[in-house]
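Below are the chains, spelled out letter by letter.
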Amino acid sequence: MSKTAVTAVPILPVLAERWSPRSFNETYLLSANEIISVLEAARWATTSNNSTPARFSVLVRGTELHSAVAPALASWNAAWGPTASALIVVSVSKVNPDGSPAVFAQYDAGLQVGNLVVQAQALDLYTHQMAGLDKAAAAAALDLHEDMEIITVIAIGKLDAADKLEGPLHEREIAPRTRVDLADIVLHGLPA
């Protein structure tokens, strides 16, 4: 299924083709090279002082950690999220190494995740970021230090048919992609 973005001017195809499905191929397993590739892309994102604050827990489907964290997915994420090849839990430290508050950590982690998502798309892998997660349960299952804060969990894998999903999940899967108009997000300086 193609959901190419409709843009005012052309953008990179890898960005135009990226979307967040819920239907993942339940038999596909990520290769070690695919996992390392998306993590390297995240590692090389631009971050404040090259701090690279995000930490990634890669939970491959069928492993003990995947089985421990997947039940922490909330609501309808629990219905489809575990079918992806892996779940990647993204967390950051709330404090910098010098003890000061990590005020840019979430912003920088967002840049890292952006790189990860684009690299995944370039590898013909799809991602879906989820906020619906019992973060305390996931942190406990991952034995994260109390200074660590989970930001999101990303489902990653190969796309599968939308018809595997039912009801509202199916409807959302086949719905056209939409975004707020460009004029509504640019406060100043949009060329006419």
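What counts, and where the lines are drawn
- Residues numbered from 1 in each chain as written.
- Predicted model: local features only at pLDDT ≥ 70, side-chain atom pairs only at ≥ 80, totals over all residues.
- Heavy atoms only, no water.
- Phe/Tyr/Trp six-rings, centres within 6.5 Å; stacked < 30°, edge-to-face > 60°.
- Helix = DSSP H or I, 4+ residues; strand = E, 2+ residues; numbered from the N terminus.
- Buried < 20%, exposed > 50% of the residue type's maximum accessible area, 1.4 Å probe, protein only.
- Lys NZ or Arg CZ within 6 Å of the ring centre and 35° of its normal.
- Core = buried A, V, L, I, M, F, W, Y, C linked by side-chain atoms within 4.5 Å.
- Contact = heavy atoms within 4.5 Å.
- 1 Å grid on protein atoms, 1.4 Å probe; cavity = no way out; pocket = protein on both sides within 12 Å on 5 of 7 lines; lining within 4 Å.
- Points joined across faces, edges and corners; volume = space filled by probe spheres on them.
- Nonpolar A, V, L, I, M, F, W, Y, C, P; charged D, E, K, R; others polar.
- Salt bridge = Lys/Arg side-chain N within 4 Å of Asp/Glu carboxyl O.

(A) Main features of the packing of aromatic side chains. For the structure on display, the rule yields 2 aromatic pairs. Both rings, one in Trp19 and one in Tyr126, keep their centres 6.2 Å apart while their planes meet at 70 degrees; by these two values the pair is edge-to-face. Taken together, the residues span a long stretch of sequence, with Trp19 in the loop between α1 (13–17) and α2 (32–43) and Tyr126 in strand β3 (residues 126–130) at a distance of 107 residues. Neither Trp19 nor Tyr126 differs from the other in exposure class; each is buried. With 6.2 Å between their ring centres and 15 degrees between their planes, Phe24 and Trp80 make a pair best called stacked. Linking Phe24 in the loop between α1 and α2 with Trp80 in helix α4 (residues 77–80), this pair joins segments that are 56 residues apart in sequence. Residue classification places Phe24 among the buried residues on the basis of a relative accessible area of 0%. Above the ring of Tyr28, the side-chain terminus of Lys158 is found at 5.3 Å from the ring centroid.

(B) Spotlight on the nonpolar core. Among the nonpolar cores identified, the biggest contains 21 residues, and Trp80, Leu87, Val89, Met130, Leu133, Val153 and Ala155 are the most heavily contacted of them. Within the residue set of this core, elements represented by two or more residues are β2 (86–93), β3, α6 (135–142) and β4 (148–157). A total of 3 residues in this core trace back to one element, the largest contributor, which is β4. Every residue in contact with Ala155, bar those within four places of it in the chain, is listed here: Phe24, Trp80, Gly81, Ala84, Ala86, Leu87, Tyr126, Thr127, His128 and Met130. Judged by nonpolar contacts, the second largest core, of 19 residues, contains Ala54, Ala105, Leu125 and Ile154.

(C) Representation of the layout of surface pockets within the structure. What the largest pocket holds in volume is close to 500 Å³. Ala5, Val6, Thr7, Ile11 and Arg179 are the residues nearest the centre of the largest pocket, which is lined by 16 residues in total. Class assignment for the residues of the lining of the largest pocket results in 9 nonpolar, 3 polar and 4 charged.

(D) Broad picture of the pattern of salt bridges. Under the defined criterion, the tally for this structure stands at 5 salt bridges. Between Lys164 and Glu26 there is a salt bridge, and its shortest N-O distance comes to 3.2 Å. Of this pair, Lys164 sits in the loop between β4 and α7 (167–174) while Glu26 sits in the loop between α1 and α2, and the two are 138 residues apart along the sequence. Looking at Glu26, the relative accessible area reads 46%, which means it is partly exposed. A salt bridge links Glu40 to Arg43; its shortest N-O distance comes to 2.8 Å. Taken together, the residues span about one helical turn, with Glu40 and Arg43 both in helix α2 at a distance of 3 residues. Taking relative accessible area as the criterion, Arg43 reaches 45% and is therefore assigned partly exposed. Through salt bridges that share partners, Glu26, Asp160 and Lys164 make up one connected network.

(E) Quick peek at unusual backbone geometry. We note that Asn49 has phi near 55 degrees; this positive angle belongs to a residue other than glycine. The residue Asn49 is located in the loop between α2 and β1 (55–60) in this model. Using a relative accessible area of 75% as the deciding quantity, one classes Asn49 as exposed. Look at Thr52: it is not a glycine, yet its phi comes out positive at around 45 degrees. Positionally, Thr52 belongs in the loop between α2 and β1.

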